[in-house]
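These are the residues of each chain, in order.
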Amino acid sequence: MIQLFRPSVGEEEAAAVRETLVSGWLGLGPRTASFEERFACAVGAQHCVALSSGTAALHLALLALALPRDAEVIVPTLTFVATAHAAVLAGARVVFADVDPRTLDLDPDDVVRRLSPRTRVILPVHYGGHPCAMDELANLARGVGAVVIEDAAHATGASHRGRSIGSLSPLTCFSFGGIKNLTTGDGGCVTTSSAEHAATLRRLRWMGIDRDTWQRSQATASPVGAARRRPPADTDYEVASLGFKYQMNDIAAAIGLVQLAKLERMNARRRLLAARYDAALADLDWLSVPVVLPGVVPARHNYAIQLEQRDALRAWLAESGIATGVHYRPLHLHPFYRRDGVSLPVAERAWRRLLLLPLYPDLTLAEQDQVIDAVRSFGTRAKAAVATSAGAAAS
Ligand SMILES: Cc1ncc(COP(=O)(O)O)c(C=O)c1O
């Protein structure tokens, strides 16, 4: 079976985990701090706060804004449910918006229709790693005194008009889940230019405690022998607020450090494979390949084609040993989020037509050729079937 997604991990990550396991420190510690520093540097952000998941990142980024009770958060309907759940968990009301038919990113024109005096956050998702129309969205947010929080779960390593995703908005949330462009097994982070937001996020990720265990252990462990002589206040901490257990641990961070060093190479391979799909499928008039707008460098988290015969192609590829995906059913069509009268036609149509083909750095060219051949042969077979039935009707 050719998998749909697959993490690109190997001996280097295994060695980093082994080293961490014997280091004597597994929790939030020096490797997490080092990952944060390097990730912030890689995306051009002032601060990075590493967390246990992308969902935690979204949840805490929203909480960091201390939203009022009636706050509304505008979310594209075509996303993973974490984007909307985070807003609900932060006590806000989710307002779904439609997507741009070309990119499947949040559509600024539809956002305009959803704005209200209660809009506090616009939460774009860089679908498949294609950066959203950030200038337009930032202008809309500014116009109503709202904040843009980016869901960059798919967009690690992407850039928009020459600037890395992670450096554009007050708060950007990344996911390092098992199938993401950069994986730590499970993990995530928030990048921000605000020292105040960073301090809030650090407190919230660790039970509302003002200093984490690693910081306190450093205070007592150094210099050697000083621990016993230091006053007990050094090991003390204060609980400043409610909080969560959302921190990244050093095992995940060790994997993340190796992955970060490989990120550009891995994303370049994704782009190469995407370009090969584009070239091999562009002449097929019964499907459309994903669009990349000028001015962005996408992270190519996925490769989503669209076609009317989606289910038939999906079955055909499964028979050929090729896994595919349909990401996502629009959130406003799920029972938990269904509301009377909400219609978001672009996302609804895309959902009926979407099909994700295998794309990951370790997909071999031979495997990709197999996928391409299977897609093309589906078209040939469908045309032959049409010709046969037309012939039968004529005779
Ligand atoms: C668009 C989007 N947002 C948020 C998340 C949540 O990230 P995580 O799985 O790390 O919690 C995901 C994960 O798949 C995602 O695809």
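Residues numbered from 1 in each chain as written. Predicted model: local features only at pLDDT ≥ 70, side-chain atom pairs only at ≥ 80, totals over all residues.

(A) Fine view of helix α2 (residues 30-43). Between the first and last C-alpha of α2 there are 20 Å, a value that for 14 residues agrees with the 20 Å anticipated at 1.5 Å per step. Taken together, the buried positions of α2 are occupied by Arg-31, Thr-32, Phe-35, Glu-36, Phe-39, Ala-40, Ala-42 and Val-43. The arc that holds the buried residues of α2, viewed along the axis, is 165°, so those residues lie on one side. Facing away from the buried side of α2, by more than 90 degrees, are the exposed residues Glu-37 and Cys-41. If you follow the buried residues of α2, they end up packed against α1 (11-21), β1 (47-51), β7 (163-164), β9 (188-192) and α9 (250-281). Residue Gly-44 follows α2 closely and has a positive phi angle near 70°. (Helix = DSSP H or I, 4+ residues; strand = E, 2+ residues; numbered from the N terminus. Expected span 1.5 Å × (residues − 1). Buried ≥ 20, exposed ≤ 12 C-beta atoms within 10 Å, placed from the backbone. Arc of directions from axis to C-beta. Contact = placed C-beta atoms within 7 Å.)

(B) Structural detail: the sheet that holds strand β6 (residues 159-160). Across the sheet, which stays open at both edges, the three strands sit in the order β7-β6-β10 with antiparallel pairing between neighbours. Only two strands of the sheet have a single neighbouring strand rather than two, namely β7 and β10 (296-297). When β6 meets β7, the two strands line up antiparallel, connected through two bridges. By the bridge assignment, His-160 is partnered in β7 with Arg-163. (Pairing = 2+ DSSP bridges.)

(C) Quick peek at the packing of α2 against α9. Contact geometry for α2 and α9: axes closest at 8 Å, N-to-C directions at 35°. Our pair here, α2 against α9, has a crossing hand that is left-handed. Contact residues: Arg-31, Thr-32, Ser-34, Phe-35, Arg-38, Phe-39 and Ala-42 in α2; Asp-250, Ala-253, Ala-254, Gly-256, Leu-257 and Leu-260 in α9. Residue composition of the contact of α2 with α9, grouped by class: seven nonpolar, three polar and three charged. (Axes fitted to C-alpha atoms, helices over the stretch in contact; angles between N-to-C directions. Left-handed = near helix turned anticlockwise from the far one by under 90°. Nonpolar A, V, L, I, M, F, W, Y, C, P; charged D, E, K, R; others polar.)

(D) A look at helix α4 (residues 81-89). Within α4, burial applies to Ala-82, Thr-83, Ala-84, Ala-86 and Ala-87. Against the buried residues of α4 lie α3 (54-64), β2 (72-76), β3 (93-97) and β5 (147-151). Following α4 by one or two positions, Gly-91 has its phi on the positive side, about 85°.

(E) Fine view of the domain arrangement of the protein chain. Structurally, the protein chain comprises domain 1 (11-259) and domain 2 (263-389). Between domain 1 and domain 2, the C-alpha centre-to-centre distance is 29 Å. Facing 29 residues of domain 1, the contacting portion of domain 2 comprises 27 residues. (Domains from an automatic or database assignment.)

(F) Main features of the nonpolar core. Counting 109 residues, the largest nonpolar core has Leu-60 and Leu-62 as the members making the most contacts within it. The element that contributes the greatest number of residues to this core is α9, accounting for 10 residues. Taken domain by domain, this core gets at least three of its residues from each of domain 1 (11-259) and domain 2 (263-389). Apart from the residues lying within four places of it in its own chain, the contact partners of Leu-62 are Leu-67, Ala-86, Ala-87, Ala-90, Ala-92, Val-121 and Ile-149. (Core = buried A, V, L, I, M, F, W, Y, C linked by C-beta atoms within 7 Å.)

(G) View of unusual backbone geometry. A cis geometry characterises the amide bond from His-327 onward to Tyr-328, with omega recorded as 15°. When you line up the elements, Tyr-328 lands in the loop between α10 (310-319) and α11 (345-353). A positive phi angle is found at Ala-66, which is not glycine, with a value near 45°. For Ala-66, the position within the fold is in the loop between α3 and β2. Ala-66 gets classed as exposed once you count the C-beta atoms within 10 Å, which come to 10.

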